[in-house]
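Close look at the chain arrangement
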Amino acid sequence: MRHSPHNHGGATVKYMKTDRSDILACLRNSEDYVSGQQLCDRLGVSRTAVWKAINRLKEEGYQIESVPSRGYRLVESPADIYSESEIVSRLHTKWAGQRLIFLESTGSTNPDAKRFAEEGAPHGTIVVADRQTAGRGRRGRSWESPAGSSIYFTIVIRPLFSPEKASMVTLVMALSVAEAIHEVTGLETGIKWPNDIVVNGKKVVGILTEMSMTPEMHEMQFLVAGVGVNVNQNRAEDFPEEIRKAATSLQIEAGHQFDRAGLLACILARFEEDYETFERALTLSELKERYESRLVGRNAVVRVLDPEGEYTGTSRGITETGELIVERENGERIRVYAGEVSVRGLYGYAE
Ligand code: BTN
């Protein structure tokens, strides 16, 4: 049996790659026709299984040509198709997203991922939704999550390190997402420390990382990192009034739509690589330079909203453990910890 069904809230969720996504990947990666027999051999399934999977793909809107004695050819994929088979067929990762739960609609992918993790979901499992009805942001805010336009996913991380290092994972994710967006769209992405991603001064990505401790609270059980990317909203009016000035989408900035499945696959590939780099050092030493090259407001004046007293200083980059370095007028360098304070640029984008 190739699939290992996982029971969650009454719904049976397939964890492993489906025949459909494997077939799709074979067709997409081949310039010529792929015969039914080749597909059977590569996937280790029967002719009937291949035939059924091809029919399901056609139902999903893929245009697949079948020519007797030559085989199958993918002529066209539906525009911005966002489904389990499409995403899985594009993944080239070892562990990130190799177990994938796709939900058309859910409350929030973060608690979903936590539940799966509690039930034993392995490192790298992701929950992806097309829509969230109770999307969560940082500082108790909500995250606007309509269907059909954005990426909402949460990845389960099983860390091999102590809880005080966990906040670095958020910075790793921010770097991976910022670079993936740049790679796929060509847009210049900036990172507003610690983990908002902006394009032309407006926010396009938010990341919410949460930690689960063992009952004795000594060790970290797992982390979940939830990522929301505004992709295909086509005008500012698509955002609620209160965030319209500060939020944007990739489509608004680039002038055309993007394929969410391809972008998600790229994010996961980047994250897998960056996370492994981080895990080797357990600091950001090898990622710091790339992170700082995207840091918004580097060497500019920032206001630090510390609950113990606000102050201004010049942002000088980050430490190897992810704190922001702020230089006061008297030359003193302060390490600002994420979570405790909020940092605002004096000009431009403010949270
Ligand atoms: C922020 O406030 O900047 C963080 C927003 C995080 C949104 C993502 S969307 C996927 C995951 N599920 C949620 O409910 N939130 C995160």
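Residues numbered from 1 in each chain as written. Predicted model: local features only at pLDDT ≥ 70, side-chain atom pairs only at ≥ 80, totals over all residues. Heavy atoms only, no water.

So, on to the site of the ligand. If you check the shell around the ligand, you find 20 residues, and the closest are Ser108, Gln132, Arg136, Arg138 and Lys203. At 2.7 Å, a backbone N or O of Arg138 approaches an oxygen atom of the ligand. A distance of 2.7 Å separates an oxygen atom of the ligand from a polar atom in the side chain of Lys203. Where the shell around the ligand is concerned, the elements lending two or more residues are α5 (109–118), β7 (150–157), β10 (202–213) and β11 (220–230). In terms of residues, the shell around the ligand owes the most to one element, β10, which gives four residues. Of the residues assigned to the shell around the ligand, the class counts are six nonpolar, 10 polar and four charged. (Near = heavy atom within 4 Å. Polar contact = N/O pair within 3.5 Å; in protein donor to acceptor, adjacent residues only side chain to side chain. Helix = DSSP H or I, 4+ residues; strand = E, 2+ residues; numbered from the N terminus. Nonpolar A, V, L, I, M, F, W, Y, C, P; charged D, E, K, R; others polar.)

A separate point is the packing of aromatic side chains. Going through the model one piece at a time under the given rule, you end up with six aromatic pairs. When the ring of Trp95 is compared with that of Phe271, the centres are 6.4 Å apart and the planes differ by 75°; the resulting orientation is edge-to-face. In this pair, Trp95 is assigned in the loop between α4 (84–90) and β5 (100–106) and Phe271 in helix α8 (residues 260–281), connecting sequence segments 176 residues apart. For Trp95, a relative accessible area of 15% translates into the label buried. Considering the side-chain rings of Phe271 and Tyr275, the 5.6 Å spacing of their centres and the 40° angle between planes classify their relative orientation as tilted. Of this pair, Phe271 and Tyr275 both sit in helix α8, separated by four residues, roughly a single helical turn. Each of the two residues, Phe271 as well as Tyr275, counts as buried. (Phe/Tyr/Trp six-rings, centres within 6.5 Å; stacked < 30°, edge-to-face > 60°. Buried < 20%, exposed > 50% of the residue type's maximum accessible area, 1.4 Å probe, protein only.)

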